[in-house]
Amino acid sequence: MNFNPSKKEIDTVNKALSRFNDEKAGADNHELLNIVEYDESGKVIAGILGGTYWGWLHIDILFVAENFRKQGLGSKLLKAAEAEAIKRGCHSAHVDTMSWQAPEFYKSHGYKIISELDNIPNGHKKFHLIKDFLR
């Protein structure tokens with residue numbers, strides 16, 4: 001057992017799982033969906049990173065630099081990602097967020113909590129949220 005596999009070994013495992021999934025559910029047609037925002041000097045101040053697959057938008061990261069928060073930038077990025085996902089044929093979105101991060105933000109944009117994990121990390125929660133674009 002190797003706890004430090006090479007990139008080639010990791011790619012082998014990923015490709016094997018992709019082939020298996022394709023056989024069972026069809027191609028996922030995964031496509032990255034990444035958007036960044038800049039300040040006046042060209043420095044990245046915010047971004048949303050994720051992708052679309054099997055009709056879903058998955059948000060991996062949504063970040064806004066501290067001094068640019070509470071100005072609507074996160075909402076702008078989320079709406080842009082959702083609009084692009086819908087153009088790509090997505091019907092829904094899902095995201096994980098921590099209790100100290102943005103569960104209320106996502107809920108205010110129509111996302112519903114479907115699961116919670118307690119004590120991850122200790123004393124906090126991890127939430128999994130979804131949004132149905134068709135409603």
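Because the structure is predicted, anything quoted here is derived from the model rather than measured.

Asker: Go over the overall build of the protein with me, naming the residues and quoting the values.
Answerer: A tally of helices and strands in the protein yields 3 helices and 6 strands. Ordered by position from N to C terminus, the α and β elements of the protein give α-β-β-β-α-β-α-β-β. For the C-alpha atoms alone, the extent of the protein along its principal axes is close to 45 × 40 × 35 Å. Summed over all atoms, the accessible surface of the protein reaches about 9400 Å², with 54% contributed by carbon and sulfur.

Asker: I'd like to hear about the environment of Ile 59, residue by residue, with values.
Answerer: With respect to the helices and strands, Ile 59 occurs in strand β3 (residues 56-64). In the structure, Ile 59 is positioned 48 residues away from Asp 11 in sequence and 22 Å away in space, judged by C-alpha atoms. Not counting residues within four places of it along the chain, the set of residues in contact with Ile 59 comprises Ile 48, Leu 49, Gly 50, Leu 78, His 94, Val 95, Tyr 106 and Tyr 111.

Asker: So, the pairing of strand β1 (residues 31-38): which residues are in play, and what are the values?
Answerer: Here 8 bridges tie β1 to strand β2 (residues 44-53), and the two strands are oriented antiparallel to one another. Within β2, the position partnered with Leu 32 by the bridge is Gly 51. Two successive antiparallel strands, β1 and β2, enclose a turn made up of 5 residues, where Gly 42 displays a positive phi of approximately 95°.

Asker: Give me the nonpolar core: which residues, what numbers.
Answerer: Generally speaking, nonpolar side chains in soluble globular proteins are found buried as a group. If you look at the biggest cluster of nonpolar residues, it comprises 21 residues, and the most contacted ones within it are Leu 57, Ile 59, Tyr 106 and Tyr 111. In this view, Leu 57 contacts Leu 33, Gly 51, Thr 52, Ala 81, Glu 82, Ala 85, Cys 90, Ser 92, Ala 93, His 94 and Phe 133; residues no more than four positions away in its chain are not counted.

Asker: Please provide a residue-by-residue account of helix α1 (residues 7-25), values included.
Answerer: The terminal C-alpha atoms of α1, which comprises 19 residues, lie 26 Å apart, in line with the 27 Å expected from a rise of 1.5 Å per residue. Gly 26 occupies a position one or two residues after α1 and carries a positive phi of about 85°.

Asker: Which residues make up the sheet that holds β2, and what values do they have?
Answerer: The strand order across the open sheet built from 6 strands is β1-β2-β3-β4-β6-β5, with neighbouring strands paired in mixed fashion. For this open sheet the edge positions go to β1 and β5 (112-118), each flanked by a neighbour on one side alone. Strand-to-strand twist across the sheet, computed as the mean angle between neighbouring axes with direction ignored, equals 20°.

Asker: Requested: an account of the pattern of salt bridges, with residues and values cited.
Answerer: Per the counting criterion, the structure on display carries 8 salt bridges. Here Lys 131 makes a salt bridge to Glu 82, at a shortest N to O gap of 3.2 Å. Remark: Glu 82 occurs in helix α2 (residues 73-87) and Lys 131 occurs in strand β6 (residues 125-132); sequence separation between them is 49 residues. The exposure class assigned to Lys 131 is buried, which follows from its relative accessible area of 17%. With a relative accessible area of 8%, Glu 82 lands in the buried category.

Asker: Any chance you could break down unusual backbone geometry for me, citing the residues and the numbers?
Answerer: The residue after Ile 120, namely Pro 121, is reached through a cis peptide bond having omega -10°. Of note in this structure, Asn 29 is not a glycine but carries a positive phi near 55°. Accessibility expressed as a relative area gives 61% for Asn 29, which makes it exposed. Backbone geometry at Lys 70 places phi at a positive 65°, although glycine is not the residue there.

Parameters at a glance
Residues numbered from 1 in each chain as written. Predicted model: local features only at pLDDT ≥ 70, side-chain atom pairs only at ≥ 80, totals over all residues. Heavy atoms only, no water. Helix = DSSP H or I, 4+ residues; strand = E, 2+ residues; numbered from the N terminus. Areas by Shrake-Rupley, 256 points an atom, 1.4 Å probe, with all protein chains shown as cover. Contact = heavy atoms within 4.5 Å. Pairing = 2+ DSSP bridges. Core = buried A, V, L, I, M, F, W, Y, C linked by side-chain atoms within 4.5 Å. Buried < 20%, exposed > 50% of the residue type's maximum accessible area, 1.4 Å probe, protein only. Expected span 1.5 Å × (residues − 1). Axes fitted to C-alpha atoms, helices over the stretch in contact; angles between N-to-C directions. Salt bridge = Lys/Arg side-chain N within 4 Å of Asp/Glu carboxyl O.

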